[in-house]
Amino acid sequence: MSLIFILTILIVIGALAFDFINGFHDTANAIATSVSTKALKPRHAILLAAVMNFIGAMTFTGVAKSISKDIVDPFTLHNGSVVILAAILSAIIWNLVTWYFGIPSSSSHAIIGSIAGAAIAAEGFAALNYSGFLKILEALILSPILAFVVGYIVYSIFKVVFKNFNLTKTNRSFRYIQIGTAALQSYSHGTNDAQKSMGIITMALIANNILPHNAEVPLWVQISCAIAMGLGTSIGGWKIIKTVGGKIMKIRPINGVAADLTGAAIIFGATYIHLPVSTTHVISSGILGVGSAHRIKGVKWDTAQRMIITWVITLPISALLASVLYFLLNLIF
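These numbers come from a predicted model, not from an experiment. (Residues numbered from 1 in each chain as written. Predicted model: local features only at pLDDT ≥ 70, side-chain atom pairs only at ≥ 80, totals over all residues. Heavy atoms only, no water.)

Draft legend 1. Just the overall build of the protein chain, in detail. Broken down by element type, the protein chain carries 14 helices and zero strands. Secondary structure elements of the protein chain, listed N to C terminal, follow the sequence α-α-α-α-α-α-α-α-α-α-α-α-α-α. A globule of 333 residues ought to have a C-alpha radius of gyration of about 20 Å, and the protein chain, at 20 Å, matches this closely. Each principal axis of the C-alpha atoms in the protein chain carries an extent, and together these give about 70 × 35 × 35 Å. In the protein chain, buried positions account for 60% of the 333 residues. Once local pairs closer than 6 in sequence are excluded, the contacts in the protein chain between residues at least 24 apart make up 89%. Carbon and sulfur atoms form 71% of the exposed surface of the protein chain, whose accessible area is close to 13500 Å². Positive and negative side-chain charges in the protein chain, numbering 21 and 10 respectively, have mean positions lying 23 Å apart. (Helix = DSSP H or I, 4+ residues; strand = E, 2+ residues; numbered from the N terminus. Rg over C-alpha atoms; globule rule 2.2 N^0.38 Å. Buried < 20%, exposed > 50% of the residue type's maximum accessible area, 1.4 Å probe, protein only. Contact = heavy atoms within 4.5 Å. Areas by Shrake-Rupley, 256 points an atom, 1.4 Å probe, with all protein chains shown as cover. Lys, Arg positive; Asp, Glu negative; His and termini not counted. Charge placed at Lys NZ, Arg CZ, Asp CG, Glu CD.)

Take a look at the structure:
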């Protein structure tokens, strides 16, 4: 059995493990508001999210292509399989650390930073595809800001439209609507986040000449990544749910619907133009925007500050960790 084949198998296993972890790490964000308002029981919310994530993952492949080609060119990488394996392990470690402490960090930041860091360790800064990498960075930076603004606007509109409605009846009605918006947000999460692992596996297959340069994402890769994310979602991410669903602001059903619609709209928009975004930070920023429009003093800004710090440090830390792992793996392989 050749070393290249062994590395490819390890990358596929690692990418599916990353997708599984992503399922209980990031998908918790998609259902956090509906669980916190009791629109859905936790078990039902997780089952709904798992199904919708699977469907979403099977729907698009544009983001996977961006991950596999826009950060680095797999064909130019020296020891490309080791680079990709180091990136996966780095992203998995960071995801597990932040999950353990209940911090809603970004799997997208982790994997993108890790790919860049491992590639730089292998080939220097010239390894990066700067036009594609900067485009992805712009999307990662701008999407939470846009989500905050859209969340603020959406809830401001809700306040005007429903100002003369009975609050109790309105919240009861919105609790039913939240079931639909939670499903929509889970679906949008699958369309963007599951594709990151698809992109990693496709990158490895291209780098090892198993697939041609312009190959589409194979169907078996789509199905396996969708299943891995669905299974991960079914495990649940209670630490993250508690942070997003209650530690940012006290969420009522009408707030939850506004936040869900905001998150789904931004994520769908990014998927449509083939850009990976942090679903974690989009959803959390949408909640912050809604909370600011509702009552700015009701937002727990200390939690928001901790999330922003994690948002900023994830890229450099994951890049550094991936570069260290690359040198260690290079000694083995």
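Draft legend 2. Geometry of the side chain of S90. With respect to the helices and strands, S90 occurs in helix α5 (residues 80–100). Filtering out sequence-adjacent residues up to four positions away, S90 remains in contact with S114, S318, L321, A322 and L325.

Draft legend 3. Just the packing of aromatic side chains, in detail. For the structure on display, the rule yields six aromatic pairs. Relative to F174, the ring of F162 lies with its centre 5.2 Å away and its plane at 85 degrees, an arrangement referred to as edge-to-face. Taken together, the residues span a long stretch of sequence, with F162 in the loop between α7 (130–161) and α8 (167–192) and F174 in helix α8 at a distance of 12 residues. With a centroid separation of 5.6 Å and 70 degrees between ring planes, the pair formed by Y326 and F327 is classed as edge-to-face. Residue class for Y326 comes out buried when judged on its relative accessible area of 3%. Given a relative accessible area of 48%, F327 falls into the partly exposed group. (Phe/Tyr/Trp six-rings, centres within 6.5 Å; stacked < 30°, edge-to-face > 60°.)

Draft legend 4. Representation of the environment of S34 in the model. With respect to the helices and strands, S34 occurs in helix α2 (residues 27–36). For S34, a relative accessible area of 0% puts it in the buried group. It is 7.0 Å that separates the C-alpha atoms of S34 and I179, two residues lying 145 residues apart in sequence. Aside from chain neighbours lying at most four places away, what touches S34 is A39, L40, A45, Q178 and A182.

Draft legend 5. Spatial organisation of the nonpolar core. Counting 81 residues, the largest nonpolar core has I71 and I112 as its most contacted members. Looking at this core element by element, the count peaks at 10 residues for α5. Those residues in contact with I71, other than ones at most four positions away along the chain, are S66, I112, I115, A116, A127, L128, N129, F133 and I136. Residues I31, L40, I46 and A49 belong to the second largest nonpolar core, which totals seven residues. (Core = buried A, V, L, I, M, F, W, Y, C linked by side-chain atoms within 4.5 Å.)

Draft legend 6. Region of the structure containing the confidence of the model for the protein chain. Averaged over all residues, the pLDDT of the protein chain equals 84, while 92% of them reach at least 70. Taken element by element, the predicted model of the protein chain shows its lowest mean pLDDT in helix α11 (residues 238–246) (53) and its highest in α7 (92). (pLDDT = per-residue confidence, 0-100.)

Draft legend 7. Broad picture of the pattern of salt bridges. One pass over the structure, following the stated rule, counts two salt bridges. Close ionic contact of K135 with D70 constitutes a salt bridge, the shortest N to O distance being 3.5 Å. Residue K135 is located in helix α7, and its partner D70 is located in the loop between α4 (62–69) and α5; the two are separated by 65 residues in the primary sequence. Overall, K135 belongs to the partly exposed group, its relative accessible area being 40%. With a relative accessible area of 17%, D70 lands in the buried category. Here K196 and D193 are joined by a salt bridge, their closest N and O atoms 2.4 Å apart. Taken individually, K196 and D193 each receive the classification buried, so the pair is uniform in this respect. (Salt bridge = Lys/Arg side-chain N within 4 Å of Asp/Glu carboxyl O.)

Draft legend 8. Layout of unusual backbone geometry. We note that N209 has phi near 60 degrees; this positive angle belongs to a residue other than glycine. Within the secondary structure layout, N209 lies in the loop between α9 (194–207) and α10 (219–235). Residue class for N209 comes out exposed when judged on its relative accessible area of 59%. Positive phi values are uncommon outside glycine, yet H274 reaches one of about 65 degrees.

Draft legend 9. How the structure looks around a nonpolar patch on the surface. A grouping of I141, L142, I145, V149, Y152, I153, I157, V160 and V161 is seen on the molecular surface, where their side chains present a nonpolar patch of about 820 Å² in accessible area. The topology assignment puts L142 in helix α7. (Patch = residues over 30% accessible without salt bridge, like charges linked within 9 Å, V, L, I, M, F, W, Y side chains within 5 Å.)

Draft legend 10. Looking closely at the environment of A110. Tracing the chain through its elements places A110 in helix α6 (residues 107–123). Placed 209 residues apart in sequence, A110 and A319 show a C-alpha to C-alpha distance of 7.9 Å. If near-sequence neighbours (up to four positions away) are discounted, A110 is found in contact with A91, W94, N95, T314 and S318.

Draft legend 11. Quick peek at α6. In this model α6 runs 24 Å from its N-terminal to its C-terminal C-alpha over 17 residues, within 8% of the 24 Å that 1.5 Å per residue would give. When you tally the buried positions in α6, you get 15 out of 17 residues, the bulk of the element. A positive phi of about 85 degrees marks G124, the residue just after α6. (Expected span 1.5 Å × (residues − 1).)

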